[in-house]
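# Examination of the molecular architecture
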Amino acid sequence: MKVLVTGGAGYIGSHVVRQLGEAGHDITVFDNLSTGYPWAILSGKLVEGDLGDPEAIDRLMEGQNFEAVLHFAAHIVVPESVENPLKYYRNNTRNTLNLLGAIEKHKIPRLVFSSTAAVYGMPDETVISEASPLQPINPYGASKLMSEQMIQDFAAASGLNYTILRYFNVAGADLEGRIGQATPEATHLIKVACECANGVRDGMKIFGTDYDTRDGTCVRDYIHVEDLAKAHIMALAHMAAGGGSNILNCGYGTGFTVKEVVDVVKKLSGVDFPVELVDRRPGDPGALVAANDRIKAVLGWEPDHAELETIVRSALNWEKIWQGRKS
Ligand SMILES: NC(=O)c1ccc[n+]([C@@H]2O[C@H](COP(=O)([O-])OP(=O)(O)OC[C@H]3O[C@@H](n4cnc5c(N)ncnc54)[C@H](O)[C@@H]3O)[C@@H](O)[C@H]2O)c1
Ligand SMILES: O=c1ccn([C@@H]2O[C@H](COP(=O)(O)OP(=O)(O)O[C@H]3O[C@H](CO)[C@@H](O)[C@H](O)[C@H]3O)[C@@H](O)[C@H]2O)c(=O)[nH]1
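Read on for a plain summary of the structure. It should be emphasised that the depicted structure is a prediction, and the values quoted were computed from it without experimental measurement. (Residues numbered from 1 in each chain as written. Chains lettered and ligands numbered in written order. Predicted model: local features only at pLDDT ≥ 70, side-chain atom pairs only at ≥ 80, totals over all residues. Heavy atoms only, no water.)

We now examine the environment of Glu 55. Structurally, Glu 55 is set in helix α2 (residues 54-61). When its relative accessible area of 59% is taken as the criterion, Glu 55 is described as exposed. Sequence separation between Glu 55 and His 305 is 250 residues; the distance between their C-alpha atoms is 41 Å. (Helix = DSSP H or I, 4+ residues; strand = E, 2+ residues; numbered from the N terminus. Buried < 20%, exposed > 50% of the residue type's maximum accessible area, 1.4 Å probe, protein only.)

Structure (structure tokens):
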């Protein structure tokens, strides 16, 4: 298929691009390189540009006859969205609207959209299904929920075939160490802990120890980026084979506390870095764990790397490679 990938130079997009290349797709990446890197694009070509510029998107699509768009480009940091909400509504919501306008004009038939568990907010259930209430508690989640709504309304009117994938916490790296998360000043737990283990940071904080969880720290469902990437390839294949539009959780159905994750990083790295226990971080729900029956039933997706140790090992390995490359 001839595919356009927004944000394909970023962490998750680059892993999907690599798998798309291996599956034989013809790939164009559109990215403003705000947090992405040209070296991370292992297949296809890069067009540098910004989704905030509708004319640039129009030029990009003119005469190309893309058969699908995979839309990763966004701002992604929950606490930053609390401090600077308009930055999130602009890049995540308005720019998705820009993209949909171009999809309409150029009659692109399929879309895969990167959504998030943050659309569920503070769920009552421990394990969240796609039918759980949608009540985001931070602007990041709200910006993505608004995008979901626009996609569904536009699809109902136009016949666009979409797959909305609600990612839980994505972590890990390419098992061969070619690409991985390279975000400067990263805030993600596993990335931060791996930086500590590699001596990039002196220590880290655990935000909140009074949550209603087994050890008081937040519970998250960590999914290996390679398993998540596979879901995108399968979603495209499903739609190309005439499958309908879907909203699908992407997670393993197993939650780990922040303390448990930090302990695994310490154990596998053999480094006992300092950890400070501090107050809750604004916008953090206590527990987010995915029900994943729907993605298994609809796409036939099954994880290949569902062990937390596998995720952490690949993240530690990548961190070492990345720090070596930078120095
Ligand atoms: N990382 C996670 O745990 C997680 C969880 C749930 C959902 N998501 C979603 O997955 C997607 C990818 O996240 P990621 O972790 O790879 O982040 P990332 O920051 O590594 O990648 C985002 C990419 O989009 C590009 N970009 C951003 N704004 C752009 C714009 N206006 N125009 C063109 N390019 C732009 C960046 O340069 C970068 O290459 C995002 O939509 C995010 O909301 C991520
Ligand atoms: O230095 C740190 C970093 C994180 N945490 C905690 O670790 C958990 C996970 O945090 P983080 O890795 O920042 O991820 P989330 O805030 O859960 O958000 C991620 O996961 C969401 C889906 O669940 C995605 O939508 C977001 O894009 C992605 O950033 C939270 O309880 C944090 O408070 C710490 O205690 N110390």
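Read on, since the account is not over.
Approximately 330 Å³ is the volume attributed to the second largest pocket. In terms of lining residues, the second largest pocket is bounded by 16 residues, among which Thr 126, Asp 212, Thr 213, Gly 286 and Ala 287 are the most central. Tallied by class, the residues present in the lining of the second largest pocket amount to seven nonpolar, four polar and five charged. For the lining of the second largest pocket, the domains that each give at least three residues are domain 1 (2-171 + 224-250) and domain 2 (189-220 + 253-326). (1 Å grid on protein atoms, 1.4 Å probe; cavity = no way out; pocket = protein on both sides within 12 Å on 5 of 7 lines; lining within 4 Å. Points joined across faces, edges and corners; volume = space filled by probe spheres on them. Nonpolar A, V, L, I, M, F, W, Y, C, P; charged D, E, K, R; others polar. Domains from an automatic or database assignment.)

Looking at ligand 2, there are 23 residues lining it, with Thr 116, Asn 169, His 188, Lys 205 and Asp 284 nearest. Measuring from an oxygen atom of ligand 2, one finds a side-chain N or O atom of Asn 169 at 2.7 Å. With the chains in place, 94% of the 690 Å² that ligand 2 exposes on its own is no longer accessible. Of all elements in the fold, only α6 (189-197) and β9 (204-207) reach the threshold of two or more residues within the shell around ligand 2. By residue number, the principal contributor to the shell around ligand 2 is β9, which donates four residues. Each residue belonging to the shell around ligand 2 can be placed in one class, and the counts come to 15 nonpolar, four polar and four charged. If you count residues domain by domain, the shell around ligand 2 takes at least three from each of domain 1 (2-171 + 224-250) and domain 2 (189-220 + 253-326). (Near = heavy atom within 4 Å. Polar contact = N/O pair within 3.5 Å; in protein donor to acceptor, adjacent residues only side chain to side chain. Areas by Shrake-Rupley, 256 points an atom, 1.4 Å probe, with all protein chains shown as cover.)

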